[in-house]
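The residues making up each chain are set out below.
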Amino acid sequence: MKGDRYAYFPGCSQKGTAVEYGISSRKVAEALGVELVEIEDWSCCGATPAHTVDRLLSGALAARNLATAEKMGLATLVTPCPACLVASKNALELAQDDESLKELNELLDLPFKAEIQAKSLLQIIFEEVGVDALAQKVKKPLKGMRLAPYYGCLLTRPPERAQFDDPENPISIDRILEALGAEVPDFPFKTECCGAAFGLPKRDMVLTLSGKILDMAQQIGADGIVLACSLCQQNLDLRQGQINSHLGTNFEIPIFYITQMIGLAFGFSSKEMGLDRHAVHPDKLLKKWEEKLKE
Amino acid sequence: MEILDLASIDRDFIKAVEEESGQDISLCYQCGNCTAGCPYAFAFDIPVHQIMRLIQVGQKEEVLRSHAIWLCATCETCTTRCPRNIDVARVMDTLRIMARREGMVSEAGIRRFHDDFLDSVKRHGRVYEVGLLLKYNLQSGRPFADAELGPKLLGKGKLHYFPENIKGVGAVKEIFERFAKKRGL
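What you see is a predicted model, and the numbers here were worked out from it, not measured in a lab. (Residues numbered from 1 in each chain as written. Chains lettered and ligands numbered in written order. Predicted model: local features only at pLDDT ≥ 70, side-chain atom pairs only at ≥ 80, totals over all residues. Heavy atoms only, no water.)

Caption draft 1: View of the packing of helix H1 (residues 19-31) of chain A against helix H13 (residues 258-266) of chain A. Residue and element names in this part refer to chain A. Packing of H1 against H13 leaves a shortest axis separation of 8 Å and a crossing angle of 50 degrees. Classified by the angle their axes make, H1 and H13 are oblique. The two elements H1 and H13 cross, and the hand of that crossing is left-handed. Together, Glu 20, Tyr 21, Ser 24, Ser 25, Val 28 and Ala 31 of H1 and Thr 259, Gln 260, Ile 262, Gly 263 and Phe 266 of H13 make up the contact between the two elements. Of the residues contributing to the contact of H1 with H13, the split by class is 5 nonpolar, 5 polar and 1 charged. (Axes fitted to C-alpha atoms, helices over the stretch in contact; angles between N-to-C directions. Helix = DSSP H or I, 4+ residues; strand = E, 2+ residues; numbered from the N terminus. Parallel < 35°, antiparallel > 145°, perpendicular 65-115°, else oblique. Left-handed = near helix turned anticlockwise from the far one by under 90°. Contact = heavy atoms within 4.5 Å. Nonpolar A, V, L, I, M, F, W, Y, C, P; charged D, E, K, R; others polar.)

Caption draft 2: Just the packing of aromatic side chains, in detail. All names here are of chain A. Inspection of every chain in the model, using the stated rule, returns 7 aromatic pairs over all chains. Geometrically, the ring pair formed by Tyr 21 and Tyr 257 is stacked, given 4.1 Å between the ring centres and 5 degrees between the ring planes. Of this pair, Tyr 21 sits in helix H1 while Tyr 257 sits in strand E7 (residues 255-257), and the two are 236 residues apart along the sequence. Using a relative accessible area of 2% as the deciding quantity, one classes Tyr 21 as buried. The exposure class assigned to Tyr 257 is buried, which follows from its relative accessible area of 0%. On the numbers, 6.4 Å between centres and 75 degrees between planes, the contact of Phe 126 with Phe 164 is edge-to-face. (Phe/Tyr/Trp six-rings, centres within 6.5 Å; stacked < 30°, edge-to-face > 60°. Buried < 20%, exposed > 50% of the residue type's maximum accessible area, 1.4 Å probe, protein only.)

Caption draft 3: How the structure looks around the interface of chain A and chain B. At the interface, 60 residues of chain A touch 57 residues of chain B. Taking both sides of the interface into account, the surface hidden between chain A and chain B amounts to around 5300 Å²; carbon and sulfur atoms contribute 62%. Among the residues of chain A in contact with chain B, A:Thr52, A:Phe198 and A:Leu200 are the three that bury the most area, contributing 13% of the side total. At the surface where chain A touches chain B, the tally comes to 10 salt bridges. Residue B:Lys182 is joined to A:Glu103 by a salt bridge in which the shortest nitrogen-to-oxygen separation is 3.2 Å. Linking chain A with chain B are 26 residue pairs in polar contact (both at pLDDT 80 or more), by the criterion used here. (Buried area = accessible area lost by both parts, 1.4 Å probe. Salt bridge = Lys/Arg side-chain N within 4 Å of Asp/Glu carboxyl O. Polar contact = N/O pair within 3.5 Å; in protein donor to acceptor, adjacent residues only side chain to side chain.)

Caption draft 4: Spatial organisation of unusual backbone geometry. Residue and element names in this part refer to chain A. Cis rather than trans, the peptide bond between Arg 157 and Pro 158 has omega equal to -20 degrees. Structurally, Pro 158 can be placed in the loop between strand E5 (147-149) and helix H8 (159-162). Positive phi, normally seen in glycine, also occurs at Gln 163, with a value near 50 degrees. Following the sequence through the fold, Gln 163 ends up in the loop between H8 and helix H9 (172-179). The exposure class of Gln 163 is exposed, given its relative accessible area of 55%. Even without being a glycine, Ala 196 presents a positive backbone phi close to 55 degrees. For Ala 196, the location among the structural elements is in the loop between H9 and helix H10 (203-219).

Caption draft 5: Quick look at the pairing of strand E3 (residues 76-79) of chain A. All names here are of chain A. Here E3 shows no split at all, with Thr 76 and Val 78 on one side and Leu 77 and Thr 79 on the other all buried. Sheet topology places strand E1 (residues 5-8) next to E3; 2 bridges connect them, and they run parallel. Following the sheet pairing, Ala 7 is matched in E3 by Leu 77. Pairing of E3 with strand E4 (residues 117-120) involves 4 bridges; the strand directions are parallel. Each residue of the ladder has a partner; that of Thr 76, found in E4, is Gln 117. (Pairing = 2+ DSSP bridges.)

Caption draft 6: Quick peek at the sheet that holds E1(A). All names here are of chain A. Pairing is parallel across the open sheet formed by 4 strands, whose spatial order is E2-E1-E3-E4. In the strand order of this sheet, the two ends are held by strand E2 (35-38) and E4, each with one partner. When strand polarity is set aside, the average angle formed by the axes of neighbouring strands in this sheet is 40 degrees. Running at roughly 160 degrees to E4, helix H4 (residues 82-94) makes contact with E3 and E4 of the sheet.

Caption draft 7: The arrangement of the pairing of strand E6 (residues 224-227) of chain A in detail. Residues and elements named next belong to chain A. Side chains Gly 224 and Val 226 of E6 all project onto a buried face; the interleaved residues Ile 225 and Leu 227 project onto the opposite face, where all are buried too. In this sheet, E6 lies alongside E5 in parallel orientation, the contact comprising 3 bridges. Directly across from Ala 148, in E6, lies its bridge partner Ile 225.

By themselves, these figures tell us nothing about what the structure is for.
As structure tokens, this is what we get:
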């Protein structure tokens, strides 16, 4: 609800390779009147590696942050990162069992009640703020920008856990972009996997999978791809040069976070939204857009 | 078709997978939906639906030594589409955990990446990306992998040369230590 205070969990990548996701998330939330209270001294949620070692360890790493948020008196943890979201939801699911909740508490140094809930920032923006309220705040509509909405895997899957949007044909990013004034084509690969966390150990496979997504975006004539996951962004943007060498392509497709596009439409500058921090520079598209706005 | 000797069916293994994953493996009727939707199927040595079948017939060694269980990216497509409501991704996770325990890991590189990641969390409370990259590359004997990404990150505030520990780094370390003690590691 508007005016609610949320426990904000940025996640490790928002301090590093996805710094612009964190910056744009905070600015857009503020502009929308969504109060994000950063969880004090938060730690890593364990991400993918922890759950391949042990479900209890993974649960405890995520639960430390959930417990801190509960101690701060906040009812909902909000994170921009789908992997952090899944880790938090898994911990809450594990804690439904009394015996597991007891085990989690044995590993933690503060009490975990598992009464908090976890949502993605995208879900808060889409469901609690709503596209109508977003449209009202648009100062510079994304006129003339043809943007492919890309969700990746974890945001909506599996549906019982995600409790958000549709697992096969999600539409939240589509609707948000439309409200911002962009042209949103049907993107057949909107839920295909980018290759996930295997960038270091299995790079070629990530390049192959991410390459297919870029290729489809190019085929439908998209000016850019808009997503809500820092790992997807890293695979598609930072590794786009590697993809080109690997596949013999010459993609030059800017990859945006949804919060950056909301911010641009709200009138924030491209620098304020951290667009200068991307590997593939969106300058050409931004110039085309500025000219379109003057028409 | 491969013909199995009845004696090769490891019933304890079937039971262990079912208990640890909380899934009824016998429900799988081999429709192949999981394999059809799996983005990594092209790289799997054993497709997902066959992994499920091999569990049903108790082929512990073949399942736990497969590369497939490590190449699963946990994208949850299989779980989402299973008409028998089996959480297939959870089964794959369980198999990785068992393969570690039994010393049957076929993808040492992926396991090491996971271990290095968690080691970084244990040391600093959060993942220190540069440290993780360097450590992983050095151990893999290819120190300059991804070096060309440096210029794309440098000067953009996206690389930190030195780790920054959180205040509660001790508390995070204790989670790992209590966990190790509980599991007798």
